[in-house]
Amino acid sequence: MRGAASVESRTVPVVTFSDNGPLVRSPSRPATAPVGRTKAVSARGQEMRIRVLGCSGGIGGGLRTTSLLVDDDVLVDAGTGVGDLSLEALARIDHIFVSHSHLDHVTSIPFLVDTVCWMRAAPIVVYGIKETLDILRAHLFNWKIWPDFTQIPDADKPFMVYREIRPGETVKLGARRFTAIPANHTVPAVGYVLETAKGALVYSGDTSTNDALWEVVNRTQNVKYLIIETAFSNKEREIAAASKHLCPDMLAVELKKMRAEPEVYITHLKPGEGALTMKEIGKAAGRWRPRMLENNQEFSL
Ligand SMILES: [Zn+2]
Ligand SMILES: [Zn+2]
């Protein structure tokens, strides 16, 4: 960790926000980003590339917790897999959409901000519902677990800012749209719909039985991909229900509420139970041909 004292002398340009749009950077922001952009960004507007950085319910043996990298500048959740990115790739992250406050989804945010803040000209924007951001303020970036990077180097020119979103609200970043959708979890939580003109990917976030999710899926045009959690096997159904996750039999009941026909990918499998859980999913919900989401898997929209 780098302490506050070592970063106080650094300066960043003034950054403002439009009400419903992306960052509007001041003229002092360089025309190009602090580090070189890849071809993925030059293609922005035509498509969105999504890469899985982590999709496990735990760690060990090469497993990483939840994170999706969109093009080279957006994260949806920031689990342990973010740490696999190069320093240059880390410095390109401008936006982080957080589904909820649990550690497996936010653990890389403190390290990311601390690692790259000196390389960046604009703050990293952390999006979440009010309850989630309040928890991050009170319990993570609270000067005890980690410094409050919304106050460093000072509150007017911070390295990180929070941006509150409401379920149903859409954030547009160029031609890319990110919409928070309801989730049913032990803490306030959302999932996200990622969309371009070409189609949509629905990410459930951590959720148990969730009729509101299916209302969203059923009214969203051209849902190409559904990434949905199944954190436990059937023998742990009671734990799944108590911790507000899904098990295969619960997933099957949920999928019956879906009228769209997307490719279905399963995430958040418990380490050591992936094969069993996928077998149970095949038995209970085979009609939707669910596949296990894999690290580094890519999707295009
Ligand atoms: Zn959770
Ligand atoms: Zn989780």
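In case you missed it, the structure is sitting above this.
So, here is what we can say about the structure in this document. Just so it is clear, the model here is predicted, and its values are computed rather than measured.

1. Concerning the pairing of strand β7 (residues 124-128)
Burial analysis of β7 places five of its five residues in the buried class, which makes it a mostly covered element. Pairing of strand β6 (residues 95-97) with β7 involves three bridges; the strand directions are parallel. Residue Phe97 lies in a different strand from β7, and its bridge partner there is Tyr127. In the sheet, β7 pairs with strand β8 (residues 160-164) via five bridges, with the strands oriented parallel. Across the sheet, residue Val126 finds its bridge partner in β8, namely Tyr162.

2. Things to note about the coordination of the zinc ion (ligand 1)
On the protein side, the zinc ion (ligand 1) has His100 (NE2), His102 (ND1), His185 (NE2) and Asp206 (OD) as donor atoms, found 2.1 to 2.4 Å from it. Around the zinc ion (ligand 1) sit four donor atoms, and with donor-metal-donor angles ranging over 89 to 168° the site reads as irregular. The motif formed by the donor residues of the zinc ion (ligand 1), counted along the single chain, is H-x1-H-x82-H-x20-D. Between the zinc ion (ligand 1) and the zinc ion (ligand 2), a spacing of 3.5 Å is present, and a bridge between the two is formed by Asp206. Note that His100 is positioned in the loop between β6 and α4 (103-106) and His185 in the loop between β10 (176-182) and β11 (190-196), a separation of 85 residues in sequence. Judged by relative accessible area, which is 0%, His100 ranks as buried. Exposure remark for His185: the relative accessible area of 8% places this residue in the buried category.

Conventions used here
Residues numbered from 1 in each chain as written. Chains lettered and ligands numbered in written order. Predicted model: local features only at pLDDT ≥ 70, side-chain atom pairs only at ≥ 80, totals over all residues. Heavy atoms only, no water. Buried < 20%, exposed > 50% of the residue type's maximum accessible area, 1.4 Å probe, protein only. Helix = DSSP H or I, 4+ residues; strand = E, 2+ residues; numbered from the N terminus. Pairing = 2+ DSSP bridges. Donors = N, O, S within 2.8 Å, 3.2 Å for Na, K, Ca; no water. Tetrahedral: all angles 85-135°; square planar, octahedral: opposite > 155°, others 65-115°.

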